[in-house]
Structure formats: C-alpha cells, structure tokens
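Breakdown of the fold
Spelled out, the chains give:
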Amino acid sequence: VSENKINAIIQSAVDGVITINERGQIEMVNPAASKLFGYHPDELMGKSVNMLMPEPDKSRHDGYLHNYYRSGIGRIIGIGREVTGLRKNGTTFPFYLSISEVNLPDKRVFTGFIHDITNQKMAEEKLRRYA
Ligand code: HEM
C-alpha cells in the first residue's frame, strides 16, 4: 500500500488517531481526533498529549511513559483501556484507547486510536437505571 493511500485511510477514519513521539509530543492528529477534542490540528502539533486528559492523568502521563521505557511493561499497549479525555472547552468524555508502538529505523513513536464511547456509556447508564 502506498504512503498516499495510508494517509487517505487515516485522514478519513471514523476513530481518532494521534501519534506521539517518545517525549509524548503530538506529531500527527487526524480530523476525527481534532474534532473529538475540539481543537484545530495546528493547536495540537508539538504539544504534549497530556493536554488532552484531565487530572490526575495529566500530571502523571510523562511518568507513565518513563515507567514503560524502564520496565518494558505496557499497561495499555496491546491491551486497551477506557479512559477520560479533556476537550478544549473543558468538558470531558469517555473513550476507548488502544495504543500501538511503532519502531522506525531512527526512532520510536506511539499511535493512539480513540474510540468515543459517550453514547455506549449513556445507553448502559439508562439500562442500569431502569433495570
Ligand atoms: C500509558 C492515560 C492518551 C500513549 C497510559 C496509562 C494511562 C494513560 C492511565 C497507563 C498508566 C499505568 O497503568 O501505568 C491516558 C489518557 C489519555 C491518554 C487519560 C487521554 C487523552 C494517550 C495517547 C497516546 C498515549 C493519545 C498515544 C498516542 C501512552 C503510552 C503509555 C501510556 C505510550 C505507556 C505504555 C503503556 O502503559 O501501555 N496512558 N493516555 N496515551 N499512554 Fe496514555
């Protein structure tokens, strides 16, 4: 598959896709991701991914990365987890985060796949209330 095709696929994906470098700085966001978080893509490039999450994760995320580099044990990579995102307007939303590690010849990057589960959570909550 050509690089152009890969780009077209990522750009049109329904789920959010964000790539960070080893320091946690955002290197790529697709339109779905910037829309979900309420930013223009330019506002995110080069910024720390921790601007997209509420406390306490915001203060701890650099530490999460370091723990992973030290231990080699991923708590989300290859597993996935439900986490909370923080939008530009200060509101939060739940999403399912999957992370993959990409080892390029000269560096390593991480790709996060962001699947909004707001509606799923609302449906679950309704079921609980009326059960
Ligand atoms: C680890 C939260 C976004 C990359 C973690 C951990 C948490 C977390 C809780 C593991 C802590 C532990 O149990 O040790 C969040 C939240 C996010 C977010 C709330 C909301 C925006 C992202 C994104 C990426 C990313 C978008 C990649 C593009 C990583 C990496 C690790 C990590 C590489 C370390 C490896 C691992 O534990 O699997 N994050 N994260 N995170 N996160 Fe995030």
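This report concerns the structure included in the present document.

Turning our eyes to something else, we now look at the overall build of the chain. The helix and strand inventory of the chain stands at 5 helices and 5 strands. Beginning at the N terminus, the succession of helices and strands in the chain can be written as α-β-β-α-α-α-β-β-β-α. For a compact globule of 131 residues, the expected C-alpha radius of gyration is about 14 Å, and the chain comes in at 16 Å, within 12% of that figure. Looking at the 131 residues of the chain, the share that counts as buried comes to 31%. Contacts in the chain between residues at least 24 apart in sequence constitute 37% of all its contacts with a sequence separation of at least 6.

Looking now at the pairing of strand β1 (residues 16-20). Counting buried positions over the 5 residues of β1 gives 5, a clear majority of the element. Neither face of β1 is exposed, since Gly 16, Ile 18 and Ile 20 on one face and Val 17 and Thr 19 on the opposite face are all buried. Of the pairings in the sheet, the one linking β1 to strand β2 (residues 26-29) comprises 3 bridges and is antiparallel in character. When the bridges of β2 are listed, Ile 18 appears paired with Val 29. Linking two consecutive strands that pair antiparallel, namely β1 and β2, is a turn of 5 residues; a positive phi of about 85° is found at Gly 24 within it.

Next up on the list: the packing of aromatic side chains. The final tally for this structure, using the stated rule, is 6 aromatic pairs. Through a chain of ring-to-ring contacts, the aromatic side chains of Phe 37, Phe 93 and Phe 95 assemble into a single cluster.

Turning next to the site of the ligand. In the vicinity of the ligand lie 22 residues, with Ile 18, His 61, Arg 75, Ile 76 and Ile 77 positioned nearest. The contact in question runs from an oxygen atom of the ligand to an N or O atom on the backbone of Arg 75, over 2.8 Å. In this structure the site holding the ligand corresponds to the largest pocket. Looking at the shell around the ligand, the elements with two or more residues in it are β1, α4 (57-71), β3 (81-86), β4 (92-103) and β5 (108-116). Considering every element that reaches the shell around the ligand, the biggest residue donor is α4, with 5 residues.

With that settled, the discussion passes to the pattern of salt bridges. A pair can form between side chains of opposite charge whenever their charged atoms are brought close. In the structure shown here, the tally under the stated rule is 7 salt bridges. Between Glu 43 and Lys 88 there is a salt bridge, and its shortest N-O distance comes to 2.7 Å. Note that Glu 43 is positioned in helix α3 (residues 41-44) and Lys 88 in the loop between β3 and β4, a separation of 45 residues in sequence. On the accessibility criterion, Lys 88 (46% relative accessible area) is partly exposed. A salt bridge links Arg 129 to Glu 125, with the shortest nitrogen-to-oxygen separation between them at 3.7 Å. You can see Arg 129 and its partner Glu 125 sitting in helix α5 (residues 118-130), 4 residues apart, about one turn around the helix. By relative accessible area, Arg 129 is classed as exposed at 54%. For Glu 125, a relative accessible area of 32% puts it in the partly exposed group. Put simply, Glu 22, Glu 101 and Arg 108 are held in one network by salt bridges that share partners.

Calculation rules
Residues numbered from 1 in each chain as written. Predicted model: local features only at pLDDT ≥ 70, side-chain atom pairs only at ≥ 80, totals over all residues. Heavy atoms only, no water. Helix = DSSP H or I, 4+ residues; strand = E, 2+ residues; numbered from the N terminus. Rg over C-alpha atoms; globule rule 2.2 N^0.38 Å. Buried < 20%, exposed > 50% of the residue type's maximum accessible area, 1.4 Å probe, protein only. Contact = heavy atoms within 4.5 Å. Pairing = 2+ DSSP bridges. Phe/Tyr/Trp six-rings, centres within 6.5 Å; stacked < 30°, edge-to-face > 60°. Near = heavy atom within 4 Å. Polar contact = N/O pair within 3.5 Å; in protein donor to acceptor, adjacent residues only side chain to side chain. 1 Å grid on protein atoms, 1.4 Å probe; cavity = no way out; pocket = protein on both sides within 12 Å on 5 of 7 lines; lining within 4 Å. Sits in = over half its atoms within 2 Å of the grid points. Salt bridge = Lys/Arg side-chain N within 4 Å of Asp/Glu carboxyl O.

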